[in-house]
Amino acid sequence: MDIISQLQEQVNTIALLALNTFGALQRDAPPVRLSSNYPEPTTNPSEETINITEHTKTTSATLVQAAKTFDALVAALPLSGEDEQLKRIAELQAENEAVGLELEKQLQGAERELKQVQELFNQAAHNCLNLKKPD
Amino acid sequence: MATSSSYPPPPPYYRLYKDYLEDPKSAPEPPPPIHDATYPLFGATYTTDVVLPSLEDQGVRQLYPNGPNIDFKKVLQSLNRDLQLHILELADVLVERPSQYARRVEDISLIFKNLHHVLNSLRPHQARATLIHILECQIQRRKQAIEDIKRRREEAQRLLKESLQTLDGHQP
């Protein structure tokens, strides 16, 4: 896939990862104390809470890794100025024109020679047939 | 009458070409290609000027400076850094002041829109680079063909000379 499409895919991946990170946090977050009138919510440190912190760490690491990949892809972009490109295209078109004319010339010469050789071959075959006396 | 039915019949122009085989000039010429005009297509109007609409046209604020020559790499990298910062800010806001998430989410989506617009505006550059590559390949193929033809012609000349010598040698 070309590099611009890869960059676009990477942007979409970053968006998806951010979405998933925040979604998982919102879904799995333990209850929070809203006001001092209410008692502290019972937080039983089970393996689920440990899983949540581990999960958060891995998802955020993935997000940062995706951002680094994006930076690496941007650094790998082969960019050059528009004027340079247009100049190169004009040069290549002129060269293509010249090479095309040369090819045309060679083709015509080759076709001429082919016709000559075919003519000679026809004559030789004709002579050969005429020389052969039927028994 | 036939433009808006769900299964329209084919256009009736085929009747004009009844005698095309006998007299190619009796039938009308095909219409010329549309040049710089608007045309209707399946009920919607399109123009022939296919250009990427700028961000202002879509009502989106542009976050990077717009000059004649944009340094795409720098813009992309700074937008990426901005994005990461905004994601961190969103996480902070969700902890401290959860009711103010909307502004942050809007900022993040604005950055994403800018990112995609920058990437889309790189496509003409890619098209020109593809054209350069195609031209180079074509020139190389043509040069190769010229070499091949030259070689074959020389080979044919050589064979003809040899056969002439052989024939001359066999002549009584």
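Residues numbered from 1 in each chain as written. Chains lettered and ligands numbered in written order. Predicted model: local features only at pLDDT ≥ 70, side-chain atom pairs only at ≥ 80, totals over all residues. Heavy atoms only, no water.

1. Looking at the overall build of chain B
A tally of helices and strands in chain B yields three helices and two strands. Along the chain direction, N to C, the helices and strands of chain B fall in the order β-β-α-α-α. Relative to a compact globule of 172 residues, whose C-alpha radius of gyration would be 16 Å, chain B shows 33 Å and is clearly more extended. For chain B, the spread of C-alpha atoms along the three principal axes comes to 115 × 55 × 30 Å. (Helix = DSSP H or I, 4+ residues; strand = E, 2+ residues; numbered from the N terminus. Rg over C-alpha atoms; globule rule 2.2 N^0.38 Å.)

2. Section: the interface of chain B and chain A
Taken together, the contacts link 37 residues of chain B with 40 residues of chain A. Both sides together, the interface formed by chain B and chain A hides about 3800 Å², and carbon and sulfur atoms give 67% of it. Counting the surface chain B buries against chain A, the share from its top three residues, B:Lys73, B:Arg128 and B:Arg153, is 16%. If you look at where chain B meets chain A, you find five salt bridges. A:Glu82 is the salt-bridge partner of B:Arg128, the closest N and O atoms lying 3.9 Å from each other. At the boundary of chain B and chain A, one finds 19 residue pairs in polar contact (both at pLDDT 80 or more). Counting only elements with at least two residues in the side of chain B that touches chain A, the list comes to α1 (72-96), α2 (101-120) and α3 (123-170) of chain B. Tallying contributions element by element places α3(B) first for the side of chain B that touches chain A, with 20 residues. Looking at side-chain class alone, the side of chain B that touches chain A contains 20 nonpolar, nine polar and eight charged residues. (Contact = heavy atoms within 4.5 Å. Buried area = accessible area lost by both parts, 1.4 Å probe. Salt bridge = Lys/Arg side-chain N within 4 Å of Asp/Glu carboxyl O. Polar contact = N/O pair within 3.5 Å; in protein donor to acceptor, adjacent residues only side chain to side chain. Nonpolar A, V, L, I, M, F, W, Y, C, P; charged D, E, K, R; others polar.)

3. A closer look at a nonpolar patch on the surface
A cluster of nonpolar side chains, B:Tyr13, B:Leu16, B:Tyr17 and B:Tyr20, forms an exposed patch at the surface whose accessible area comes to about 430 Å². Tracing the backbone through its elements, the reader meets B:Leu16 in the segment before β1 (38-41). (Patch = residues over 30% accessible without salt bridge, like charges linked within 9 Å, V, L, I, M, F, W, Y side chains within 5 Å. Areas by Shrake-Rupley, 256 points an atom, 1.4 Å probe, with all protein chains shown as cover.)

4. Looking at α2(B)
The terminal C-alpha atoms of α2(B) lie 29 Å apart, and with 20 residues this matches the ideal 28 Å at 1.5 Å per residue to within 8%. When we look at burial in α2(B), the residues that qualify are B:Asp107, B:Ile108, B:Leu110, B:Ile111, B:Phe112, B:Asn114, B:Leu115, B:His117, B:Val118 and B:Leu119. Considering only its buried residues, α2(B) is in contact with α1 (3-28) and α2 (47-75) of chain A together with α1 and α3 of chain B. (Expected span 1.5 Å × (residues − 1). Buried < 20%, exposed > 50% of the residue type's maximum accessible area, 1.4 Å probe, protein only.)

5. Focus on helix α3 (residues 82-131) of chain A
Compared with the 74 Å implied by 1.5 Å per residue over 50 residues, the 72 Å span of α3(A) between its first and last C-alpha is a close match. Within α3(A), the full set of buried residues consists of A:Gln85, A:Ile89, A:Leu92, A:Asn96, A:Val99, A:Gly100, A:Leu103, A:Gln106, A:Gly109 and A:Glu113. Packing partners of the buried residues in α3(A) comprise α3 of chain B.

6. Focus: the packing of α3(A) against α3(B)
Where α3(A) meets α3(B), the axes come as close as 9 Å, and the angle between the chain directions of the two elements is 25°. Put simply, α3(A) runs roughly parallel to α3(B). The interaxial crossing formed by α3(A) with α3(B) has left-handed handedness. Taken together, the residues of the contact of α3(A) with α3(B) sort by class into 17 nonpolar, nine polar and 11 charged. (Axes fitted to C-alpha atoms, helices over the stretch in contact; angles between N-to-C directions. Parallel < 35°, antiparallel > 145°, perpendicular 65-115°, else oblique. Left-handed = near helix turned anticlockwise from the far one by under 90°.)

7. Regarding the domain arrangement of chain B
Entries for chain B in the domain assignment read domain 1 (56-121) and domain 2 (128-159). Between the C-alpha centres of domain 1 of chain B and domain 2 of chain B there is a distance of 50 Å. (Domains from an automatic or database assignment.)

8. Brief notes about empty space enclosed by the protein
Residues and elements named next belong to chain A. Enumeration over the complete set of coordinates arrives at one cavity of 30 Å³ or more. Looking at the largest cavity, its volume works out to about 40 Å³. Around the largest cavity, the lining residues are Thr21, Ala24, Leu25, Asp28, Ile52, His55, Thr56 and Thr59. Sorting the residues of the lining of the largest cavity by element identifies α1 and α2 as the ones contributing at least two each. Along the lines of polarity and charge, the residues of the lining of the largest cavity split into three nonpolar, four polar and one charged. (1 Å grid on protein atoms, 1.4 Å probe; cavity = no way out; pocket = protein on both sides within 12 Å on 5 of 7 lines; lining within 4 Å. Points joined across faces, edges and corners; volume = space filled by probe spheres on them.)

9. Focus on the nonpolar core
Formed by 30 residues in total, the largest nonpolar core has its most connected members in A:Phe70, B:Leu76, B:Leu83 and B:Leu115. Only α1 and α2 of chain A together with α1 and α2 of chain B provide two or more residues apiece to this core. Ignoring sequence-local partners within four residues, the contact set of B:Leu83 consists of A:Ile14, B:Ile108, B:Ile111, B:Phe112 and B:Leu115. The next biggest cluster of nonpolar side chains, apart from the first, holds nine residues, and it includes A:Ile89, B:Ile132, B:Ile146 and B:Ile149. (Core = buried A, V, L, I, M, F, W, Y, C linked by side-chain atoms within 4.5 Å.)

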